[in-house]
Amino acid sequence: MRLLLHTCCGPCSIYPLDVLREEGHEVSACYCNPNIHPYREWEKRLDTLREYLATVGVDLRVDDRYDLKQYLEAVLPYAYDPARRCPTCYRIRLDEVARRAACEGYDAFSTTLLVSPYQNHEGVARVGREVADTLGIPFYYRDFRSGWKEAVRRSRELGMYRQGYCGCVFSERERYYRGGQKGG
Ligand code: SF4
């Protein structure tokens, strides 16, 4: 099938792309991540992804609007509550990718978020299915987490840039202020 894969960064794209292409799917990647803060970080992750995709021959679509305003307005009510903030963040990104997939005649959409053991996996899957129901395009679910360690190893071997936080300004804060021990 023709599949549009929401892609959060280069390292997370390695394993899902391998699996999906081995299964015979025709995959294009879509970088749609207005959550990533600051903009330079957004650019750095995009550059890393672009370079990698060129080496493996995968098309890349980019949502370059970087709509930080829409993102912040949606997540601010849950800024310090990842259990609600992250699904909201997933929805913004998957909704946009699913809309593009539907408009451009893809058979389904999916996301590299399904590879990371650090994401709320059930939340990603639930939001993906809800978006699919709303927009009428299938969400291709797959638990890619078994490939995470191997992907980390390969991304290091390839010298890829590996970010130290999920993406948003809140996750950047959370890596330093675990449990509020440093105030904030
Ligand atoms: S921690 Fe990650 S998934 Fe959660 S809101 Fe921030 S960027 Fe989005």
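On a predicted model such as this, the values are computed, not experimentally measured, just so you know.

(A) Looking closely at the site of the ligand. Near the ligand, the surroundings consist of Asn35, Tyr71, Arg85, Cys86, Cys89, Tyr90, Arg93, Gln119, Cys166, Cys168 and Ser171. Per-element accounting of the shell around the ligand gives the leading share, five residues, to helix H4 (residues 82-103). Of the residues in the shell around the ligand, the class split is six nonpolar, three polar and two charged.

(B) Region of interest: the nonpolar core. Core analysis: the biggest nonpolar cluster contains 47 residues, and Leu17, Leu20, Leu53 and Phe109 have the highest contact counts within it. Elements with a contribution of two residues or more to this core: strand S1 (2-6), helix H1 (10-22), strand S2 (26-31), helix H2 (39-56), H4, strand S4 (108-111), helix H5 (121-135) and helix H6 (148-157). It is H4 that provides the largest number of residues to this core, a total of six residues. In contact with Leu17, other than residues within four places in its own chain, are Leu5, Val27, Tyr52, Leu53 and Val58. If you look at the next biggest cluster of nonpolar residues, it comprises seven residues, including Tyr71, Val75, Cys168 and Phe170.

(C) Quick look at H4. With 22 residues, H4 should cover 32 Å at 1.5 Å per step; its first-to-last C-alpha distance of 31 Å lies within 8% of that length. Count one or two residues on from H4 and you reach Gly105, which has phi positive near 75°.

(D) Fine view of the pairing of S1. For S1, a buried count of four out of five residues is recorded, marking the element as mostly surrounded by other parts of the structure. As paired strands, S1 and S2 are joined by five bridges and run parallel to one another. The residue bridging His6 from the neighbouring strand is Cys30, located in S2. One crossover worth recording links S1 to the parallel S2 by way of H1, and it is right-handed.

(E) Broad picture of the confidence of the model for the protein. Of the residues in the protein, 96% have a pLDDT of 70 or more, and the chain-wide mean is 95. Between residues 180-184, whose pLDDT stays under 50, and residues either more than four places distant or in other chains, the model counts six contacts.

How each quantity is defined
- Residues numbered from 1 in each chain as written.
- Predicted model: local features only at pLDDT ≥ 70, side-chain atom pairs only at ≥ 80, totals over all residues.
- Heavy atoms only, no water.
- Near = heavy atom within 4 Å.
- Helix = DSSP H or I, 4+ residues; strand = E, 2+ residues; numbered from the N terminus.
- Nonpolar A, V, L, I, M, F, W, Y, C, P; charged D, E, K, R; others polar.
- Core = buried A, V, L, I, M, F, W, Y, C linked by side-chain atoms within 4.5 Å.
- Buried < 20%, exposed > 50% of the residue type's maximum accessible area, 1.4 Å probe, protein only.
- Contact = heavy atoms within 4.5 Å.
- Expected span 1.5 Å × (residues − 1).
- Pairing = 2+ DSSP bridges.
- Right-handed = clockwise from strand over helix to strand, strands pointing away.
- pLDDT = per-residue confidence, 0-100.

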